[in-house]
Amino acid sequence: HGAGAKSGSKEFKGHEGGVEQLRFDPARQGGDRFASVSSDKTLRIWDVRSGKCTNTVKTNGELINVAWSPSGNHIVVGNSNDLISVVDVKTMKVVSEQQYKFEINQLAWSKKGDTCMMATGSGKLELNSFDAETGALTSSGSHFAHNGGCYSLAMSNDGKRFAMGAADAIVTLWEMETMFCYTTIVRVDNPIRTLSFSHDDAYVAAGSEDLRIDVGYVKNGKCAARIE
């Protein structure tokens, strides 16, 4: 839960299908609201304190991924047909849509919020420039990343690095400014399904299809811990 949430559990009811992903609003330090997407074709905004859904945006397909812009003003969502939609948080309306011809498995924003990044099923990292006035995404580059579909993508908290994980069971660590892959983590045996940086960007945790979490040093990728 968010940084300001009190201990204990709370249930958020409203989705009529499986909840695929959720993201907290990065512009609000209290962790008091988050967005979730579901196979019920809706994006929902939740108030943590009340436990209630404050806004619902209906879309045209089953949603599988979501990323909240650093400014908190836009949310990008993707559905199972690889249609990417940008939602204006102030109006809670879809302001742009883009259909892609490749599989999109994970979304992330650059620290400045001017680039939306996509991990794709073709093993590539796709970059899209973002126009905050119109909400439009425009392709701005592509980088080969893995020998297999890319399933996970995570940006460091300082925005200087990012990590990708794929079906080849490899984690790649990249420099954002140069788009240079400076090291790899190859000690996991199964596809990498999720990645997360520690708050100080010293460590990156990788979750795969086995029963352990690999924790590596961000600086060089070496093993820091394995959590069974």
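Above this text is the structure in question.
Residues numbered from 1 in each chain as written. Predicted model: local features only at pLDDT ≥ 70, side-chain atom pairs only at ≥ 80, totals over all residues. Heavy atoms only, no water.

**Examining the side chain of Gln106**
Here's step 1: For Gln106, the position within the fold is in strand E9 (residues 104–109).
Here's step 2: A distance of 2.9 Å separates polar atoms of two side chains, one belonging to Gln106 and the other to Gln21.
Here's step 3: In this view, Gln106 contacts Gln21, Arg23, Asn65, Met117, Met118, Ala119, Tyr151, Ser152 and Leu153; residues no more than four positions away in its chain are not counted. (Helix = DSSP H or I, 4+ residues; strand = E, 2+ residues; numbered from the N terminus. Polar contact = N/O pair within 3.5 Å; in protein donor to acceptor, adjacent residues only side chain to side chain. Contact = heavy atoms within 4.5 Å.)

**Let's talk about the layout of surface pockets**
Here's step 1: By volume, the largest pocket is sized at about 1200 Å³.
Here's step 2: Arg23, Phe24, Pro26, Met155 and Asn157 are the residues nearest the centre of the largest pocket, which is lined by 33 residues in total.
Here's step 3: Elements represented by at least two residues in the lining of the largest pocket include exactly strand E1 (19–24), strand E5 (63–68), E9, strand E13 (150–155) and strand E17 (192–197).
Here's step 4: With 5 residues, the single largest contributor to the lining of the largest pocket is E17.
Here's step 5: Broken down by class, the residue content of the lining of the largest pocket amounts to 15 nonpolar, 13 polar and 5 charged. (1 Å grid on protein atoms, 1.4 Å probe; cavity = no way out; pocket = protein on both sides within 12 Å on 5 of 7 lines; lining within 4 Å. Points joined across faces, edges and corners; volume = space filled by probe spheres on them. Nonpolar A, V, L, I, M, F, W, Y, C, P; charged D, E, K, R; others polar.)

**Notes on the side chain of Asp201**
Here's step 1: Following the sequence through the fold, Asp201 ends up in the loop between E17 and strand E18 (203–208).
Here's step 2: Arg161 provides the closest opposite charge to the buried, salt-bridge-free Asp201, at an N-O distance of 6.8 Å.
Here's step 3: Polar contacts involving the side chain of Asp201 include one to the main-chain amide nitrogen of Asp158, which spans 3.0 Å. (Buried < 20%, exposed > 50% of the residue type's maximum accessible area, 1.4 Å probe, protein only. Lys, Arg positive; Asp, Glu negative; His and termini not counted. Salt bridge = Lys/Arg side-chain N within 4 Å of Asp/Glu carboxyl O.)

**What to know about the sheet that holds E17**
Here's step 1: Read from one edge of the open sheet, 4 strands run E17-E18-E19-E20, paired in antiparallel fashion. Either end of the sheet is taken by a strand with one partner, and the two such strands are E17 and strand E20 (223–227). For this sheet the average axis-to-axis angle between neighbouring strands, irrespective of direction, equals 20 degrees. (Pairing = 2+ DSSP bridges. Axes fitted to C-alpha atoms, helices over the stretch in contact; angles between N-to-C directions.)

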